[in-house]
Amino acid sequence: MYDLVIIGAGMSGLMAAGAGARKQKKVLVVAKGQGALSLSSGCIDFNPELLEREEGNPYFKVQDVVEESFSFFKNLVKRYGLNYVGSPSERTRILTTLGTVKNSCLVPESMFLENPESYERIIAVGFKGYFDFSPKMFLYYAKKSGIFPGLKETKEVYFETGTITVNTTWLAQALTQGDLKEKLIAFLKPYAGPKTLMVFPAVLGDLPEDRLFKEMEDVLGVRVVELPGGLPSIPGQRLNKALVSSLKEMGVNFLFNAEVIGYKKDLRQVTSIKIKESGGRVREISGKAFVLATGSFWGKGLWANKEEICEPIFQSKVYLPRNFAEDFNFLASGIFTDEYLRPIKELENLYAAGSILANSNYLKNNSGLGLALASGYKAGLLALGDREVRRNA
């Protein structure tokens, strides 16, 4: 029997698992897929100012653990070489592949741009045959952004990879294998100089321990910055790999490609969940406590048809916002919980976290991963009976 069983492998599910691993408990993560974390930009958005305006927002139930959970997250991914910069009380500006400026909270070190006013030259590096990043368009809008007041010179350059067309995944892997990395560095040396910033699409290695940007900085003597862009998202993949790898190292068990199709209870306790594995095998998994972190519509944590919206596993009551179809208000749909993040009063050992929570509209609140991070962490602690967290709830 597991001390803690988590359903879902997104940010909230993985952080709940981390809370359990931190307390040296026997933890299992069950997931139908790989979670949506790999599709994210890799940045952790968090905006309490927007959250506080929303009555019933789950932020009010997790604000006591925000600092602790963000610190735990940074230490967790750092175990696999992935450094994050920032804090939940900071606004960190980053550049996108479109040359626009985006505010975030925690950002990967490879995206962090410190003191943009100190740069006089920007070299935008593209790759021949790679069409997901336009250095010319980036420079056009970066100059208009006003973030570089001392800018005197810009230049777009294109590196020849030896392949007619390349995609993001191939490029990220190829730059850490063979001699392509050395050729790229040699190509860029003539463009290095004082007060120079070199920007790249986010393709500088696909593993969290790949620190190609730092190696290039040391050799070229310039600041190197990656730009978050579209899909596939290499920073999102690095983040997912760092979290899963660190949790496995801490003893967390994972069961992927397993669909939860039901549960059993005894009085006011969930005793087990019924899962269907990819090969069709059906079996039960017993646990002392459970965390529901299946996401919203995208993760199929909520199902919708013409008649209703439902939470399919435990049949928790789903809140539907007013003006459901306007301005992405449907993303506020979800399940309400008590102060202990329990969605069903009759089930004392079931907890919920992440975007399945009512009023966690990530587009409107600009706090998707940040809120998932904090709520997952707290749900994990509450599920394991953390007395201090319960006192503060």
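Criteria and thresholds
Within any chain, residue numbers begin from 1 and follow the written order of that chain's sequence. Selection of residues for local features in this predicted model requires a pLDDT of at least 70, selection of side-chain atom pairs for listing and counting requires 80 or more, and totals for whole chains, interfaces and linings are taken over all residues. Computation of side-chain values: all heavy atoms of the structure, hydrogens and water removed. Two strands are said to pair when DSSP picks up at least two bridges between them. By the criteria applied, helices consist of DSSP H or I runs no shorter than four residues and strands consist of E runs no shorter than two, each listed in order from the N terminus. Salt bridge, as used here, is a side-chain nitrogen of Lys or Arg placed within 4 Å of a carboxyl oxygen of Asp or Glu. The rule is simple: take the accessible area with a 1.4 Å probe, protein chains only, and divide by the maximum for that residue type; under 20% is buried, over 50% is exposed, in between is partly exposed. UniProt positions are given in the numbering used here, feature names are shortened, and annotations may be inferred rather than shown by experiment. All axes here are fitted lines through C-alpha atoms, helices being fitted over the stretch that makes contact, and every angle between N-to-C directions spans 0 to 180 degrees. Pairs of residues are marked as contacts when any of their non-hydrogen atoms sit within 4.5 Å. The directions considered for the arc run from the helix axis to the C-beta atoms. Here the term cavity refers to a set of points on a 1 Å grid, laid over the protein atoms alone, in which a 1.4 Å probe fits but cannot get out; the term pocket refers to an open set having protein on both sides within 12 Å along at least five of seven lines, with lining residues being those that place an atom within 4 Å of a point. Grid points are joined across faces, edges and corners, and a volume is the space filled by probe spheres set on the points. In this count, Pro and Cys sit with the nonpolar residues alongside Ala, Val, Leu, Ile, Met, Phe, Trp and Tyr, while Asp, Glu, Lys and Arg are called charged and the others, Gly among them, polar.

- The name given to the chain in an unreviewed UniProt entry is Glycerol-3-phosphate dehydrogenase subunit B, with the source organism recorded as Carboxydothermus ferrireducens DSM 11255.

1. Here's the deal with the pairing of strand S5 (residues 101–104)
Phase 1 of the analysis: In the sheet, strand S4 (residues 92–95) pairs with S5 via four bridges, with the strands oriented antiparallel. Across the sheet, residue Thr-92 finds its bridge partner in S5, namely Ser-104.
Phase 2 of the analysis: Linking S4 back to S5 in an antiparallel pair, the connection comprises five residues, with Gly-99 at a positive phi of about 85°.

2. Quick notes on the pattern of salt bridges
Phase 1 of the analysis: For the coordinates displayed, the defined rule picks out 23 salt bridges.
Phase 2 of the analysis: Between Glu-182 and Lys-181 there is a salt bridge, and its shortest N-O distance comes to 4.0 Å.
Phase 3 of the analysis: In this structure Lys-181 comes out as buried when scored by relative accessible area, which is 18%.

3. Regarding the UniProt feature "domain: FAD-dependent oxidoreductase 2 FAD-binding" (unreviewed entry) in the chain
Phase 1 of the analysis: UniProt records the feature "domain: FAD-dependent oxidoreductase 2 FAD-binding" (unreviewed entry) at residues 3–47 and 176–359, using the numbering of this structure.
Phase 2 of the analysis: Helix makes up 27% of residues 3–47 and strand 18%. Its end C-alpha atoms lie 33 Å apart.

4. A short note on the sheet that holds strand S14 (residues 282–286)
Phase 1 of the analysis: Read from one edge to the other, the open sheet built from three strands follows the order S12-S13-S14, with strand pairing classed as antiparallel. Edge positions in the sheet fall to strand S12 (258–266) and S14, since each has one partner strand and no second. In this sheet, neighbouring strand axes are inclined to one another by 30° on average, regardless of whether the strands run parallel or antiparallel.
Phase 2 of the analysis: Where S12 lies against strand S13 (residues 269–277), eight bridges are found, and the strand directions are antiparallel. Paired with Val-260 across the two strands is Ile-275, which belongs to S13.

5. Concerning the environment of Leu-371
Phase 1 of the analysis: Tracing the chain through its elements places Leu-371 in helix H11 (residues 368–383).
Phase 2 of the analysis: Residue Leu-371 is classed as buried on the basis of its relative accessible area, which comes to 6%.
Phase 3 of the analysis: Counting along the chain gives 303 residues from Leu-371 to Glu-68, while the straight-line C-alpha distance between them is 13 Å.
Phase 4 of the analysis: When residues no more than four places from it in sequence are discounted, the contact partners of Leu-371 are Phe-46, Leu-51, Asn-57, Pro-58, Tyr-59, Val-62 and Ser-360.

6. Things to note about helix H8 (residues 212–220)
Phase 1 of the analysis: Within the span of H8, buried status applies to Leu-212, Phe-213, Met-216, Glu-217 and Leu-220. The buried residues of H8 occupy an angular sector of 140° when the element is viewed end-on, so they sit on one face.
Phase 2 of the analysis: The secondary structure elements touched by the buried residues of H8 are helix H7 (180–188), strand S9 (196–201) and strand S10 (223–227).
Phase 3 of the analysis: Looking one or two residues past H8, Gly-221 carries a phi angle of roughly 75°, positive in sign.

7. Here's the deal with the side chain of Asn-57
Phase 1 of the analysis: When you line up the elements, Asn-57 lands in the loop between helix H2 (48–51) and helix H3 (59–62).
Phase 2 of the analysis: Relative accessible area serves as the criterion here: at 1%, Asn-57 is assigned to the buried category.
Phase 3 of the analysis: Ignoring any residue separated from it by four or fewer positions in sequence, one finds Asn-57 in contact with Leu-51, Asn-359, Asn-365 and Leu-371.

8. So, the environment of Leu-180
Phase 1 of the analysis: Looking at where Leu-180 falls in the secondary structure, it is placed in helix H7.
Phase 2 of the analysis: Residues Leu-180 and Thr-161 lie 19 residues apart in sequence; the distance between their C-alpha atoms is 7.3 Å.
Phase 3 of the analysis: Ignoring any residue separated from it by four or fewer positions in sequence, one finds Leu-180 in contact with Phe-159, Thr-161, Trp-170, Ala-174 and Leu-175.

9. Considerations on empty space enclosed by the protein
Phase 1 of the analysis: Enumeration according to the criterion identifies two cavities of 30 Å³ or more in this entry.
Phase 2 of the analysis: Approximately 100 Å³ is the volume found for the largest cavity.
Phase 3 of the analysis: Lining the largest cavity are 13 residues, and of these Leu-82, Ser-110, Asp-210, Phe-213 and Arg-238 sit closest to its centre.
Phase 4 of the analysis: Looking at side-chain class alone, the lining of the largest cavity contains five nonpolar, three polar and five charged residues.
Phase 5 of the analysis: Each pocket or cavity is described by its volume, and for the second largest cavity that value is around 50 Å³.
Phase 6 of the analysis: Taken together, the residues of the lining of the second largest cavity break down into six nonpolar, two polar and one charged.

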